[in-house]
Structure formats: structure tokens, C-alpha cells
Amino acid sequence: MHVAEKIREPAQINAVALKAYARIAQAWGLSLKEAAGLADMSESTWKRARKPDFAGELTKDQLLRLSAVIGIYKSLELYFSEPLARCWFITPNTGPLFGGSRPVDTAIEGGLPQILAVRTYLDALRGGA
């Protein structure tokens, strides 16, 4: 029996990731500057990237960031009820990773390593790590 593999083109992967990320940024109420910084883009690039006809390329780092943020969003939605799930990432947190700062600020400042640390932290809370 032959199973057909569905191969996705990089442009298709980028489009799906950007669409999901744009919805998350909106759900969290991120500013243009915050959404761009979290994705490691300039504000002007983020403005273009959130449009359906964006034809630009994402770097591997940017794609990993978007993937990790999508994972963070999913973990929050599974672990907390909606009001807390939607504001957790933008609310000051005294946890060990955040030192009283908002998780979004530490993620922007710390880049991909911090974004992945936040994802791992949330996965551990859910019992997945």
C-alpha cells in the first residue's frame, strides 16, 4: 500500500504560520511593535507579513519563533480558562523566568532561547515535560 505524502511548499508553511501568529497577536492584544519584536521583524515587515498576499521569506529563526509562540498559545488555552489564557502572556509575572516582567517582554528581549524556555515552562505546567 502506497501512502501519498503531502509535501508543503515553504511559502505555504510561511502563510499558515503567519496567519496563525497574526490571530494570536490579536487575541493577546499585542501592539504592532510587540508583535514585530516577538517575530523578529521590523514593524513595516510585520505590517506586510500579516496580509494574505505576503510573498516574503521567513528565516528559520522567525519560523521557529512563530512555531514556539503558537505552542505557547496552545498551552495557555489548554491550561487556563479563557480570560487568564488570553492575558497571561501580557501580564507581569513573578515566576523564575520573568522576574516581575511580562512574559512577552522577556520573550522579545531574550529572543528564541527565551521563547523556547517559556514554551517548555508551560508544557511542564501541563505535565508534558
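Remember, it's a predicted structure, so these values are computed and weren't measured experimentally.

Here is what the cut-offs are and how they apply
- Residues numbered from 1 in each chain as written.
- Predicted model: local features only at pLDDT ≥ 70, side-chain atom pairs only at ≥ 80, totals over all residues.
- Heavy atoms only, no water.
- Helix = DSSP H or I, 4+ residues; strand = E, 2+ residues; numbered from the N terminus.
- Expected span 1.5 Å × (residues − 1).
- Bend = angle between axes of the 7 residues up to and from the residue.
- Buried < 20%, exposed > 50% of the residue type's maximum accessible area, 1.4 Å probe, protein only.
- Axes fitted to C-alpha atoms, helices over the stretch in contact; angles between N-to-C directions.
- Parallel < 35°, antiparallel > 145°, perpendicular 65-115°, else oblique.
- Left-handed = near helix turned anticlockwise from the far one by under 90°.
- Contact = heavy atoms within 4.5 Å.
- Nonpolar A, V, L, I, M, F, W, Y, C, P; charged D, E, K, R; others polar.
- UniProt positions renumbered as here; feature names shortened; annotations may be inferred.
- Arc of directions from axis to C-beta.
- Patch = residues over 30% accessible without salt bridge, like charges linked within 9 Å, V, L, I, M, F, W, Y side chains within 5 Å.
- Areas by Shrake-Rupley, 256 points an atom, 1.4 Å probe, with all protein chains shown as cover.
- Salt bridge = Lys/Arg side-chain N within 4 Å of Asp/Glu carboxyl O.
- Lys, Arg positive; Asp, Glu negative; His and termini not counted.
- Charge placed at Lys NZ, Arg CZ, Asp CG, Glu CD.

Draft legend 1. Expanded view of helix α6 (residues 103-125). Its 23 residues place the ends of α6 only 15 Å apart at the C-alpha level, less than the 33 Å of an ideal helix rising 1.5 Å per residue. Largest kink in α6: about 140°, centred on Gly111, with the proline Pro113 one to four residues after it. By the burial criterion, the buried members of α6 are Pro103, Val104, Thr106, Ala107, Gly111, Leu112, Gln114, Ile115, Val118, Leu122 and Asp123. Positive backbone phi, at 90°, marks Gly127, one or two positions downstream of α6.

Draft legend 2. Looking closely at the packing of helix α1 (residues 10-28) against helix α4 (residues 60-79). Closest axis-to-axis distance for the α1/α4 pair is 10 Å, and the angle between their directions is 45°. Compared by their axis directions, α1 and α4 come out oblique. Like other packed secondary-structure pairs, α1 and α4 cross with a definite hand, here left-handed. Side by side, α1 and α4 meet where Ile13, Asn14, Ala17, Leu18, Ala20, Tyr21, Ile24, Ala27 and Trp28 of the first sit next to Leu63, Leu66, Val69, Ile70, Ile72, Tyr73 and Leu76 of the second. Its residues assigned to classes, the contact of α1 with α4 comprises 15 nonpolar, one polar and no charged.

Draft legend 3. Inspection of the UniProt feature "domain: Antitoxin Xre-like helix-turn-helix" (unreviewed entry) in the chain at higher detail. Per the UniProt annotation, the sites labelled "domain: Antitoxin Xre-like helix-turn-helix" (unreviewed entry) are residues 11-70. Structurally, residues 11-70 is divided into 72% helix and 0% strand, and its ends, taken at the C-alpha atoms, are 18 Å apart.

Draft legend 4. Spotlight on α1. If you check α1, its first and last C-alpha atoms are 27 Å apart, about what 19 residues at 1.5 Å a residue would give, namely 27 Å. What α1 keeps buried is the set Asn14, Ala17, Leu18, Tyr21, Ala22, Ile24, Ala25 and Trp28. For α1, the angular spread of buried residues about the axis comes to 165°, placing them on one side. Facing away from the buried side of α1 by more than 90 degrees, the exposed set consists of Val16, Arg23 and Gln26. Tucked inside the fold, the buried residues of α1 contact α2 (32-38), α3 (43-49), α4 and α5 (82-87). A positive backbone phi angle near 70° is found at Gly29, which sits one or two residues after α1.

Draft legend 5. Expanded view of a positive patch on the surface. Where like charges cluster on the molecular surface, the positive patch consists of Lys47, Arg48, Arg50 and Lys51. Along the chain, Arg48 turns up in helix α3. On the basis of relative accessible area, Arg48 is assigned to the partly exposed category, the value being 46%.

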